[in-house]
Amino acid sequence: MDTFDFDKMQEIQRELREKYKGRWTALSPEMGRSSLLWMMVEAGEAADIIKKDGDRKIMDVPEVREHFIEELCDVMMYFNDVMLCYGIAPEELERVYLEKHRRNLERW
């Protein structure tokens with residue numbers, strides 16, 4: 001099975017964007033702002049599931065868990081759109097992420 005990573009996520013986001021080319025707004029830095037806002041809305045929907053159903057149901061009730069994961073997928077789709085809009089490659093994200101992680105390890 002192929003690894004499901006940011007390269008794969010961006011590949012399928014590009015496929016989706018190509019399918020709806022002309023119907024959806026083109027990727028651009030200006031569109032990145034909207035994508036970030038939509039990502040936050042989707043994160044709020046995931047938080048609503050936690051608030052409404054609680055942690056135990058997410059862990060124990062398959063339908064609730066599936067709905068929660070679906071909302072997280074929406075967050076990731078918009079996150080990838082933001083990266084695409086601003087031309088952030090997965091390798092660039094990895095480099096900065098690992099540097100941030102290193103700094104966090106040394107913080108306290």
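As shown above, the structure is provided for reference.
A short tour of the structure in this document, coming up. Per-chain numbering applies: the sequence of each chain, read as written, is numbered from 1 onward. A pLDDT threshold of at least 70 governs which residues receive local features in this predicted model, and a stricter bar of 80 or more applies before side-chain atom pairs are shown or counted, although totals over entire chains, interfaces and linings include all residues. Side-chain calculation: all heavy atoms of the structure are included, whereas hydrogens and water are not.

Turning our eyes to something else, we now look at the overall build of the protein. Secondary structure elements are taken from DSSP: a helix is a run of H or I of four residues or more, a strand is a run of E of two residues or more, and numbering for both begins at the N terminus. Regarding its fold elements, the protein presents 4 helices and 0 strands. Starting at the N terminus and ending at the C terminus, the protein contains elements arranged as α-α-α-α. C-alpha extents for the protein along the principal axes are approximately 45 × 40 × 35 Å. Split into buried and exposed, the 108 residues of the protein put 23% on the buried side. Residues are treated as being in contact if the distance between any of their heavy atoms lies within 4.5 Å. Excluding contacts between residues fewer than 6 apart, the proportion of contacts in the protein whose partners are at least 24 apart in sequence is 64%. Of the roughly 8500 Å² of accessible surface on the protein, a fraction of 58% belongs to carbon and sulfur atoms. A simple rule labels every residue: compare its accessible area, found with a 1.4 Å probe on the protein chains alone, to the largest value its type can have, and call it buried under 20%, exposed over 50%, or partly exposed in between. Method for areas: the Shrake-Rupley scheme with a 1.4 Å probe, in which residue coverage is limited to the protein chains shown.

Throughout this description, the term nonpolar core refers to a set of buried Ala, Val, Leu, Ile, Met, Phe, Trp, Tyr and Cys residues connected via side-chain atoms within 4.5 Å. With 5 residues, the main nonpolar core is built from A46, I49, I58, V64 and F68. Broken down by element, this core gets its largest block of residues, 3 residues, from helix 2 (residues 29-60). Discounting chain neighbours no more than four positions away, the residues touching A46 are F68, E71 and L72.

Should a side-chain nitrogen of Lys or Arg be within 4 Å of a carboxyl oxygen of Asp or Glu, the pair is scored as a salt bridge. In total, this model carries 6 salt bridges according to the counting rule given. Among the ionic pairs, D60 bridges to R56, the shortest N-O distance being 3.0 Å. Linking D60 with R56, this pair stays in helix 2, spanning 4 residues, or about one helical turn. You can call R56 exposed: its relative accessible area is 55%. Salt bridges linked by common partners bring E99, R102, R103 and E106 together as one network.

A few words on the packing of aromatic side chains. For Phe, Tyr and Trp, rings pair up if their centres lie within 6.5 Å, where Trp contributes its six-membered ring, and each pair is then called stacked (planes under 30 degrees apart), edge-to-face (over 60) or tilted (otherwise). Going through the model one piece at a time under the given rule, you end up with 2 aromatic pairs. Between the aromatic rings of F6 and F79, the centroid separation amounts to 5.8 Å while the plane-to-plane angle is 55 degrees, which identifies the pairing as tilted. With F6 in helix 1 (residues 6-19) and F79 in helix 3 (residues 62-85), this pair connects stretches of sequence that are 73 residues apart. Here the aromatic rings of Y20 and W24 are separated by 4.7 Å at their centres, their planes lie at 20 degrees, and the arrangement is stacked. Given a relative accessible area of 23%, Y20 falls into the partly exposed group.

Since there are 3.6 residues in each turn of an α-helix, residues three or four apart along the chain are aligned in direction. Given the number of residues in a helix, its expected span is that number minus one, multiplied by 1.5 Å. Helix length check: helix 1 (14 residues) gives 20 Å between terminal C-alpha atoms against 20 Å at 1.5 Å per residue, within 8%. What helix 1 keeps buried is the set M9, Q10, Q13 and R17. Buried residues of helix 1, seen end-on, are gathered within an arc of 95 degrees and therefore sit on one face of the element. Of the residues in helix 1, the exposed ones pointing more than 90 degrees away from the buried face are E15, E18 and K19. In this structure, the buried residues of helix 1 make contact with helix 2, helix 3 and helix 4 (90-107). The N-capping residue of helix 1, defined by a side-chain oxygen 3.2 Å from the backbone nitrogen of D7, is D5. By definition, the arc is the one covered by directions from the helix axis to the C-beta atoms. A 3.5 Å cut-off defines polar contacts: any pair of N or O atoms within that distance qualifies, except that in protein one atom must be a possible hydrogen donor and the other a possible acceptor, and neighbouring residues in sequence count only when both atoms are side-chain atoms.

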